[in-house]
Amino acid sequence: MKTLSKTALLRASAAPMILGAALVSNTAFAQQAEDAASGDAIIVTGSLIKNPNLSQATPVNTTTADQVELKQSNTAEEILREIPGVVPSIGSAVNNGNGGASFVDLRGLGSNRNIVLLDGVRLVPSGLVGRVDLNNIPLALVDRVDVLTGGASTTYGADAISGVVNFVTKQDFAGIEALVSEQITEQGDGNYLRADVTMGANFDDGRGNAVFSIGYQESDPVYQGDRSFSFNNISSFTGGASGSGTSVPSRFSNINITGQDHIAQGCGGTTGVTCVTRNATRQVNPAAGAFSTTTQLFNFNPYNIFQTPFQRFNMYGSAKYDVSDALTVYTRGLFSKNTVNTIIAPSGAFNISVVVPLSNPYLTTALRNGFCQFDTTPGVGYTPLYSPAVCAAAATATSPTDPNYRTVTTNLSLRAVDVGPRISEFQTTIFDYRLGFKGGITDTIDWDVFGAYGESENTQTQQNYTLNSRFRQALLATNTTTCLTDTGGCVPVNVFGGTGSITPAQAAFLTADSVVSVKTTLAQARGTISGDIGVASPWASDAISFAVAGEYRKYTAAQRSDLLSQSGDLGGSGGASPNVSGGYDVYEAIGEVAVPLIQDKPFFEELSVNAGIRYSHYGVDSPNSPTFNATTYKVEGNWSPVPGLKLRGNYAHAVRAPNISELFSPVNTGLTSLQIDPCAGAAPTTNANLRAVCLAQGAPAGTIGSIANPTAQQANATGGGNLNLKPETSNSYGFGATFQPEFLPGFSASVDYYNIKVKGAITTPSPTDAINACFGNLTAASASNPACTIIRRNPATGGLDGDPSTTPGLFLNLSNLGYLKTDGIDVYLNYNHDLGWGNLALAVTGNWTNSSVFQASPTSPARDCVGLFSVNCASIQPKFQWSVRPTLTVHDVDLSVLWRHIDGVEYEFANDPDPANRLYSGPVAALGGKTYDFNKISSYDYFDLTLRFHATENVTITTTVQNLFDKKPPIVGSGAGTTAFNSGNTYPSTYDSLGRRYAVSAKLKF
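Just so it is clear, the model here is predicted, and its values are computed rather than measured.

What counts, and where the lines are drawn
- Residues numbered from 1 in each chain as written.
- Predicted model: local features only at pLDDT ≥ 70, side-chain atom pairs only at ≥ 80, totals over all residues.
- Heavy atoms only, no water.
- Helix = DSSP H or I, 4+ residues; strand = E, 2+ residues; numbered from the N terminus.
- Rg over C-alpha atoms; globule rule 2.2 N^0.38 Å.
- Buried < 20%, exposed > 50% of the residue type's maximum accessible area, 1.4 Å probe, protein only.
- Contact = heavy atoms within 4.5 Å.
- Areas by Shrake-Rupley, 256 points an atom, 1.4 Å probe, with all protein chains shown as cover.
- Lys, Arg positive; Asp, Glu negative; His and termini not counted.
- Charge placed at Lys NZ, Arg CZ, Asp CG, Glu CD.
- Arc of directions from axis to C-beta.
- Disulfide = S-S within 2.5 Å.
- Pairing = 2+ DSSP bridges.
- Salt bridge = Lys/Arg side-chain N within 4 Å of Asp/Glu carboxyl O.
- Patch = residues over 30% accessible without salt bridge, like charges linked within 9 Å, V, L, I, M, F, W, Y side chains within 5 Å.
- Core = buried A, V, L, I, M, F, W, Y, C linked by side-chain atoms within 4.5 Å.

The number of helices and strands found in the protein chain is 15 helices and 46 strands. A globule of 1006 residues ought to have a C-alpha radius of gyration of about 30 Å, and the protein chain, at 31 Å, matches this closely. Its C-alpha atoms put the protein chain at 105 × 55 × 55 Å along the principal axes. Within the protein chain, the proportion of its 1006 residues that are buried is 58%. At a minimum sequence separation of 6, the contacts of the protein chain that also span at least 24 residues come to 73%. As displayed, the protein chain has an accessible area near 36,000 Å², and 58% of this comes from carbon and sulfur atoms. Within the protein chain, the 78 negative side-chain charges are centred at a point lying 6 Å from the centre of the 62 positive side-chain charges.

Looking now at unusual backbone geometry. Comment: phi is negative for the bulk of residues other than glycine, and the bulk of peptide bonds are trans. Put simply, valine 248 and proline 249 share a cis peptide bond, and its omega is 0°. Positioned with a positive phi, aspartate 204 is a non-glycine residue whose angle comes to about 50°. Mapped onto the elements of the fold, aspartate 204 is located in the loop between β10 (192-203) and β11 (208-219). Assessed through its relative accessible area of 36%, aspartate 204 is described here as partly exposed. Non-glycine residue aspartate 205 carries a positive phi angle of around 55°.

What follows concerns helix α13 (residues 688-696). Taken residue by residue, α13 has Leu690, Val693 and Cys694 as its buried positions. The arc that holds the buried residues of α13, viewed along the axis, is 100°, so those residues lie on one side. Of the surrounding secondary structure, the elements contacted by the buried residues of α13 are α12 (683-686), α14 (767-775) and α15 (786-789).

As used in these notes, a disulfide is a covalent bond between sulfur atoms, one from each of two cysteines. The tally for this structure, following the rule as stated, stands at five disulfides. Here cysteine 679 pairs with cysteine 694 through a disulfide, and the sulfurs are 1.9 Å apart. Here the disulfide of cysteine 679 and cysteine 694 is left-handed, its torsion about the S-S bond being about -100°. Taken together, the residues span a long stretch of sequence, with cysteine 679 in the loop between β29 (668-673) and α12 and cysteine 694 in helix α13 at a distance of 15 residues.

The next subject is the sheet that holds strand β37 (residues 868-869). In space, the three strands of this open sheet follow the order β37-β40-β43, with mixed pairing throughout. On the outer flanks of this sheet lie β37 and β43 (936-937), each paired with one strand and no other.

Quick look at the environment of valine 87 now. Within the secondary structure, valine 87 is located in strand β3 (residues 86-87). The exposure class assigned to valine 87 is buried, which follows from its relative accessible area of 6%. Each C-alpha atom of the pair valine 87 and alanine 540 lies 41 Å from the other, and the pair is 453 residues apart in sequence.

Here the structure, examined in full by the defined rule, presents 36 salt bridges. A salt bridge links aspartate 159 to arginine 122; the nearest nitrogen and oxygen atoms lie 3.6 Å apart. Here aspartate 159, found in the loop between α5 (153-156) and β8 (163-169), pairs with arginine 122, found in strand β6 (residues 121-122); they are 37 residues apart in sequence, far enough to count as distant. Residue classification places arginine 122 among the buried residues on the basis of a relative accessible area of 6%. With a shortest N-O distance of 3.0 Å, glutamate 662 and arginine 656 are connected by a salt bridge. According to the relative accessible area criterion, glutamate 662 is buried, its value standing at 8%.

Bringing a nonpolar patch on the surface into the picture now. Taken together, the side chains of Ile176, Val197, Met199, Phe212, Leu1004 and Phe1006 make up a nonpolar region of the molecular surface, amounting to roughly 510 Å² of accessible area. Within the fold, isoleucine 176 resides in strand β9 (residues 175-185). A residue is classified by how much of its surface remains accessible, and isoleucine 176, at 41% relative accessible area, is partly exposed.

What follows concerns the pairing of strand β39 (residues 893-902). Here eight bridges tie strand β38 (residues 880-890) to β39, and the two strands are oriented antiparallel to one another. Bridging across to β39, threonine 887 finds its partner in serine 896. Taken together, β38 and the strand that follows it, β39, pair antiparallel across an intervening segment of two residues, in which histidine 891 is found at a positive phi of about 55°. In the sheet, β39 pairs with strand β44 (residues 940-950) via 10 bridges, with the strands oriented antiparallel. Along β44, the bridge assignment pairs tryptophan 899 with phenylalanine 943.

A general feature of soluble globular proteins is that nonpolar side chains tend to end up buried together. Leu80, Val104, Val116, Ile137, Val165, Phe167 and Tyr618 are the most contacted members of the largest nonpolar core, which has 48 residues in total. When near neighbours in sequence (up to four residues on either side) are disregarded, valine 165 contacts Leu80, Val104, Leu106, Ile115, Val116, Leu117, Val145, Asp146 and Val147. Counting 38 residues, the second-largest nonpolar core is a separate cluster that includes Leu358, Leu363, Val417 and Ile502.

Dropping the structure here:
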């Protein structure tokens, strides 16, 4: 097998390759050969056969430590986010929806469909979903990062449907290495500090090695209010100022503004009759002491952030010792403590039902009269709630025992800005320890046994959240000092004024901290026998290699919430956080074989076949859940007809077992993204079918015609775990070629096609699917359709948002009815040329994604989200992506440029014939009147410039300018996608929202 020279591939300072651009089958081979020569463990990503001559048929994308240094990446998430083919997942750019962790999403199939490994072994996951938090990876000791695409369940077990990410640490590290780096934006915010110290030594004449690394990282927040393009919340559909209907001053329902009929007699489609809404939700106008028919939406953008504040302290240690020629003991320990703060706009009363005495001391005369004039019989003549005389008498009745005492019931929407922003502090503590023994059975066959145990605990402390129950209690007051239902410390609250109306004492009563803790554990053990059998094919020189193994894993996870979190009483928390507890274990048997069939023959420089199989038995910790079994397998082949050319192909059958969250989470109501409610506005007043459906879903008759779209594009949604779920299955295949021509030394290229299909996928319907299942055809909409009646509305307002305890909203259930599919092509090019006076290295990596299809059920639409963005498509996955890094080395100086290209994308319904379904296109007042088309995002190109200077043999200074040309992100408004990815009027996980940044680092090495 022909490979690039060790010098060409591994020269760190002179020939750094692009982030993620290495030809991994060749690079990995060179690394493995070097490890084998030094006696180190050979880590082959994608196989349990630790053979330096193994020729892999599955392409692996490698990022070296040198590339990380050039980019000045501080977290593992930053490294992976910019690799073409990796779709941005939850990370540091996500504010609303970030649970204090960072994840990777390979090929857009979901962050729960890949495995993150450390030296080829699983780490304890960070939450109920079973994903590894990338914040815990010890970058200081990472030698390379391998990304393998496609089904890898045969080698690594369930969850590796889209592939694996393997962080390989440095072996036999000796000496001291200290690194300090600092980053800051051109605006002077977003400071990021990183410091690492690593020490290692060989001992007992090289029989042992020990290494210890300690690190610290800290980043400051970057607020959306500090960027001109994100200061104002902009509607994706109107281009005007937008925001949340939960605002300040307050909004109230059940108020009549004129004392007339709710809907004019004869309305309901009659020609020439005008329908006039009278009982719509109204906003307080504190200046006039009355209320306004125009809603002042709350601009929550300035409170939100583009870079989450982050603090991490981590330690990593490993050691090995050759007890004898036949026995080596090795160990590894990881500890990390992370603190992440997510900061979002103030809490408040999010459309909750409250009871207000007409003698409330803060209630103005105009507001009192508005409540009294509420039309109780809309559409059949005006009947006020209370007559003027009763209303006037009730104004002075301060005791419930007074015959004149009266109350009104209204839905309150108020941002408690006087309380301050909502802060969720996520503190994660993780440790993961491994101990193993290995040795030789014969000269060519080895054994390896290890056990590992890890725990992760994530504690979320929610601060500055108001309580719905305390709003209700504080409004039941007839004086300014005590409440009618005082259970201790109640303070009457003024919700009828503007900013500043809520005093510090009132704010203190309204708020309370809550705590949710999630603890996960992973116990695992594996025993492997691998090597070669000493027998070769008659036409090959290398012997047949094999690996047989047995593996056991035990997962547990539990979420413990205080009573406050369980109650769902926190305003704007998205619903209750119920207690969850569960676990499962798995017993597995694995076998792999690598057979060189023909070597060094005409037209057959190499012909080899690799295969593997894994049988898994799952037991779920529940008396009502049966066990289940799964078998995965793979077949791979390589053919090199002539030197420098290799053709390869692979096929894999993989599985993903349901995780603890999918199995054990109780039914609960939370939030989802939804822009348009079909029952909103006047449509139900002119369409009898639609009106009947809205009523059947629980909308009160009096709300028809005045139902509002979900506040801040977030509707309630109910779902939960399902103990009847079974593993989803995947079939993937790929084929490609690598080219290393002898006539062009230093050049290498590879082209690979991949195709991954997932059947029986564990999915929930998208919000749009749930809406379309009922409202897809309004003329045929039926009030008896189960897809309609399963949607449950706010019993006071008729909307899909509000108090989770009374408004289940959409029903998004988990099932094995889903289908996923993606395919595309990866291209890698590398060239290294000695100029005589210097060295030039050029590396290119690119990805073309042909399709990325999601179908929630056989009756749901099969949605292909490649090149599209919307609430149905989560993160952006462009058609084309590529990165180019040329590096020029002259003596002790490296000058490197990174060019990243992101192909253009468009809104999912940009070409819909109905303009109401398209996004806004035109001048945007909030952005200086400049014209924007929110339906399209043009292609984007980013450039980073790095200058690295080896000042002495021991000191290296690196400076980097990221986003060299200060490219501003695209503007699409705030409702174009899901809240987790569409934030600050853009997509901050895909496009740079921070602007030009400067980074400098100093590395001292002895």
